[in-house]
Amino acid sequence: MTDIEVVAGRRISAWQVVLLYALFGVLWILGSDQLLLRLVGGDFATLARLQTYKGWFFIGVTALALYWLVNRAVAEAREAERLLQQTEYSFRAMLEGMRDPVFIHEPESGRILYVNGATTELYGYSREHLCSAEVGDLSAGEEPFTQARALEWIHRAQPGKGLLFEWRGRHRDGHLMWLEINLSRVQVGAEEYVLAAVRNIDERKRIEAELRRSEDNYRQAQSVAKIGSWRVDIPSGLLEWSDETYRIFGRSPDQPLSLDVFYEAVHPDDRDRVRAASEAALEGVPYDIEHRIVTGDEVKWVREVAEIVSDEQGQAVGRIGTVQDITERRVLEDAQRQLLAHLDSVANASPALLWTSAPDGGLDWVNRRWLEFCGGSFEEQLGDAWIDRIHPLDSEFSVRTYQEAMALRRPYSMEYRLKRADGTYRWLLERGMPRLNADGAFLGFIGSSLDITREREVQEALWTSEERLRLALDAAHQGLYDTDMTTGAVTVSPQYASMLGYDPLGFEETHESWLSRVHSDDRARVIDTHRRYLSGELGDYRVEYRMATRDGGWKWIMSVGGIVERDAEGCATRMIGTHTDIDALKRTEAELERFRFIIENAGQEMYLVRPDGSFFYVNQAVANNLGYSQGELMTMSVPDIDPMIDSGAFRAHFEALKAGDLPRFETVHVSRSGRQVPKEVKSVYLRMGDEEYVCGFAQDITERKQADEALFALNADLERRVIERTAQLEAANKELEAFSYSVSHDLKAPLRGIAGYSQLLQESCGERLNEDERAFVAHIRRGAGQMHELIEDLLAYSREDRRHTERHDVELRPLIESVIGLLSDEDRRRCRFEYDLAVTNVRTDRDGLGLILRNLCENAIKFSKDAGDPRIVIGSCRRDDKVLIWVEDNGIGFDMKYHDKIFDIFQRLHHAETYAGTGVGLALVSKAAQRLGGRVWAESAPGDGARFFVELPQ
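Residues numbered from 1 in each chain as written. Predicted model: local features only at pLDDT ≥ 70, side-chain atom pairs only at ≥ 80, totals over all residues. Heavy atoms only, no water.

Named according to an unreviewed UniProt entry, the protein is histidine kinase originating from Azoarcus taiwanensis. UniProt, in its Catalytic activity (unreviewed entry) section for the protein, records the words "ATP + protein L-histidine = ADP + protein N-phospho-L-histidine." (UniProt positions renumbered as here; feature names shortened; annotations may be inferred.)

Below, the structure is given as structure tokens:
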């Protein structure tokens, strides 16, 4: 029921009003009848009329009373609704204004009824999503941070009592957060809710973790301050402490308090200072003091802060303040001071250049190693002085990297050259990290710079060696393998995978997978060879077999390897070797075998004769026609079967053949039975290695005289082609082998000696040589380097004709990026590479195209070195059934009248002193393009750069 306010200021309920009104009605009815009887006497007619009037009067009063009660109830209900809405609005406004996230839950189900704006920022979800989610969806999900545990906490919430605990929440992006949640049960009207105030404590958890890591002798500590409160009434001297203050001072709340008790607890050495600070506070001096107190056998550090409480006249009537136990903080500060002293010693002993910077980027501290490296005083190194010591080629990049890291407050790493105190530049690897204080404010950077000059030199030499090895393996069609005999894991070179048709980036090999790819007809033989080698039965491991390729075909491989590591028991643990693609060789051998079979079974006689006339080889046809065995004929000579030729005549015949005469003649051969058979002999001069021979073909012309001349000409032409092809193939192989051996050994060996001894001379006698002598040594080394580069280019040029090519689908962009990745860091930084690839896939030989692109890119870089902004554009397009690829630069260009000259070997348009090179690169590009069935040309003009085109058939 609605309460009604009465005049006395008390509030009575509506039922009390009704009772009073009913009592009034009873008294009215009974009292008024007696009064009316006295007034009218015995006039009952008048009495009846007056009672009617009395009844209507009572009805009117009753109606007015009911109207007043109803109207009052409605008004109070509206007022209550307005107050409720105002309260709810104020409550919501208060929640929205809170900086901490807030949830309102349904007490039983835990359903989320409301979240404030700070909650959406904390979790990254919208308000609608949060109100439709389960508590478990916003939690870590593993014990004890699950939906069931969350409901347990919600059910434990009590009215008027906060329930504080820590929780692991999950952000929308998936990362976990440490949260501190305070639950309390509240009642709004007749409804009960659970209010959850949430605070992100990730930073606190991080600090706790850092303290745990840096302080091994301390257990986990909470970063929650222990603060008590106190109050002093100055007139009475009454001292009041909170429960926390009692705990700090180690006293029981039932013990009496006074200022004397307080001063007795203060450490004797600090007591006078505390009294003086208390008296000064009465004069308006702020009271903020740290001092020690004695609690039993323990000495604690506390901090006290207080303010004066004044009356209306401004007189000090008391002091109210707080006391905080700062013992742990003081201990940590002492430890921190010791740690900083230790770190300072470590920093100065470090071989790295250590430094810190201020928020503006200027250096504000450097270690002793920095001072030794740069020279000068400590003050001279501060600020931006280090920037002036950066190498000019590295300055822009290094300063930009450093300034971007400072602006974004993020770690960075870079390599650059810095001038040392002796004037030389050294390569440094520098890493920097932002420094933040406990509040997250940016303090600057801390970093280290490590001298990596030697590592850079070694790495560059290693890159050069690896590139040469890769080129050598490519040219020899070889791949490397490195087998861990204990695990079966196999590490292979890219060429190993490529020769089998696999992408080197995704190729993985094991001993089992290798064996599974071996042809079933070869597997037992390979396993037996492998076993016999490991057991020591074979001195060398060399075996030929077929391996399955990715496209389902078979390729002949020659595997050569050796054991390089053994364990303590002598068992092999590591084996390294090469896989050589001998597929073409096997095909050649098969062709030669078929050729030998043809010759052995041919009806035509064939002779291979030494210069003295003795037989080196005869085929079966000779033995059959003359009646001798092949073994008998090998012990005979030409005069034994040809009476028309003696030893002297054969020598003349040999010299004539050698000079190119007497390719064919007719003679007579005598069989074992003495029968003379007319023969037509065709002879050629043949040289195999260092040996000279006469290769002769004899035909019985007794029945052939009338043979069709057309058929004769066809057979003669066929035989001539077979002989010439065989001779050319063998001669070319021998010449190429001799050339490669000569270049690799006869030329490079003395060249290495020149380079090595000149380097030794420079290093050991450099200070004793005058300027001219040092220049001479430098010229020798530079000339040796140029000669070595020329030899390598010549080898690459000579190997191009023998290089095995395979057409595959090649992705242009990855290939171009891998080619650019092989360039030096300086070239990649100095030149800007752009792509205009209308065609991204081309079917060709990947290695051949890579060779073309690498030489064209190096050529573009070389002749663009004087451009202000070197720019190289690599593009592609389709033209009919061909793909056109071009490399364009903005270098010096050339006159088109020299167009054909630049693609010839050793042809140069500029002096080597102006633009280094051997004159082989573009010739190698031209030959590689021809090997791919394409062509290469260029378009240019002096001063307008150049564009080189490569056209490849598809």
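Asker: Where do I start with the pattern of salt bridges in this structure?
Answerer: A side chain with one charge can pair with a side chain of the opposite charge if their charged atoms come near. All told, the structure shown has 50 salt bridges when counted by the stated rule. Where arginine 426 meets aspartate 451, a salt bridge forms, and the shortest distance between an N and an O atom there is 3.0 Å. Of this pair, arginine 426 sits in strand E16 (residues 425-436) while aspartate 451 is found in strand E17 (residues 442-451), placing the two residues 25 residues apart along the sequence. Residue arginine 426 is classed as partly exposed on the basis of its relative accessible area of 23%. Salt-bridge contacts for aspartate 869 lead to arginine 832; the nearest nitrogen and oxygen are separated by 2.7 Å. With a gap of 37 residues between them, aspartate 869 in the loop between helix H26 (846-862) and strand E32 (871-879) and arginine 832 in strand E30 (residues 832-837) connect regions that are remote in the sequence. Judged by relative accessible area, arginine 832 falls into the partly exposed class, the value being 35%. (Salt bridge = Lys/Arg side-chain N within 4 Å of Asp/Glu carboxyl O. Helix = DSSP H or I, 4+ residues; strand = E, 2+ residues; numbered from the N terminus. Buried < 20%, exposed > 50% of the residue type's maximum accessible area, 1.4 Å probe, protein only.)

Asker: Would you explain the side chain of serine 278 in this entry?
Answerer: Within the element layout of this structure, serine 278 appears in helix H9 (residues 268-282). Discounting chain neighbours no more than four positions away, the residues touching serine 278 are Tyr263, Tyr287 and Arg319. (Contact = heavy atoms within 4.5 Å.)

Asker: So what exactly am I meant to see when it comes to the sheet that holds strand E3 (residues 102-105) here?
Answerer: Each strand in a sheet pairs with another by means of backbone hydrogen bonds, the pair being arranged parallel or else antiparallel. In spatial order, the strands read E4-E3-E7-E6-E5; together these five strands make up an open sheet with antiparallel pairing. Each edge of the open sheet is held by one strand with a lone partner, namely strand E4 (112-115) and strand E5 (163-170). Looking at each pair of strands side by side, their axes are set apart by 30 degrees on average, direction ignored. Taken together, the three bridges between E3 and E4 define a ladder with antiparallel strand orientation. Of the residues in E4, the one forming a bridge with isoleucine 104 is tyrosine 114. In the packing of helix H5 (residues 147-156) onto the sheet, contacts are made with E3, E5, strand E6 (176-188) and strand E7 (191-200), and the angle to E5 comes to roughly 155 degrees. (Pairing = 2+ DSSP bridges. Axes fitted to C-alpha atoms, helices over the stretch in contact; angles between N-to-C directions.)

Asker: Looking at this model, I keep getting lost on the environment of tryptophan 167. Mind explaining?
Answerer: Its place among the elements puts tryptophan 167 in strand E5. Between the C-alpha atoms of tryptophan 167 and valine 198, which are 31 residues apart in sequence, the distance is 9.4 Å. Those residues in contact with tryptophan 167 that sit more than four places away from it in its chain are Ser139, Pro144, Phe145, Thr146, Arg149, Ala150, Trp153, Met177, Trp178, Leu179 and Ile181. A polar contact is formed between the side chain of tryptophan 167 and the side chain of serine 139, at a distance of 2.9 Å. (Polar contact = N/O pair within 3.5 Å; in protein donor to acceptor, adjacent residues only side chain to side chain.)

Asker: How should I be thinking about the packing of aromatic side chains in this particular structure?
Answerer: Aromatic rings in a pair are described by how distant their centres are and how their planes are angled relative to each other. Applying the stated criterion to the full structure yields 26 aromatic pairs. Judged by centre distance (6.0 Å) and plane angle (55 degrees), the ring pair of phenylalanine 249 and phenylalanine 262 falls under tilted. Of the two residues, phenylalanine 249 sits in helix H7 (residues 243-249) while phenylalanine 262 sits in helix H8 (residues 259-265), which places them 13 residues apart along the sequence. Here phenylalanine 249 and phenylalanine 262 have matching classes, each one buried. Geometrically, the ring pair formed by phenylalanine 654 and tyrosine 685 is edge-to-face, given 5.9 Å between the ring centres and 65 degrees between the ring planes. Of this pair, phenylalanine 654 sits in helix H21 (residues 647-658) while tyrosine 685 sits in strand E27 (residues 676-688), placing them 31 residues apart in sequence. Using a relative accessible area of 25% as the deciding quantity, one classes tyrosine 685 as partly exposed. Members of the aromatic cluster, joined through ring pairs, are Trp355, Trp386, Tyr402, Tyr412, Tyr416, Phe442 and Phe445. In this structure, lysine 586 packs its charged tip against the face of tryptophan 556, placed 4.5 Å from the ring centre. (Phe/Tyr/Trp six-rings, centres within 6.5 Å; stacked < 30°, edge-to-face > 60°. Lys NZ or Arg CZ within 6 Å of the ring centre and 35° of its normal.)

Asker: I'm lost on the side chain of histidine 391 in this one. Help?
Answerer: Counting through the fold element by element, histidine 391 comes out in the loop between helix H11 (368-374) and helix H12 (392-408). In this structure the side chain of histidine 391 is engaged in a polar contact, spanning 3.1 Å, whose partner is the backbone nitrogen of leucine 393.

Asker: It is not clear to me how H9 should be interpreted in this structure. Could you clarify?
Answerer: An α-helical turn contains 3.6 residues, so a residue and the one three or four places further along point in the same direction. With 15 residues, H9 should reach 21 Å at 1.5 Å per residue; the first-to-last C-alpha distance of 23 Å fits that figure. Looking only at H9, the buried set comprises Asp270, Val274, Ala277, Ser278 and Ala281. The arc that holds every buried residue of H9, seen down its axis, measures 100 degrees, which confines them to one face. Of the exposed residues in H9, those oriented more than 90 degrees away from the buried face are Pro268, Asp272 and Glu279. Just downstream of H9 lies glycine 284, where phi reads positive at about 100 degrees. (Expected span 1.5 Å × (residues − 1). Arc of directions from axis to C-beta.)

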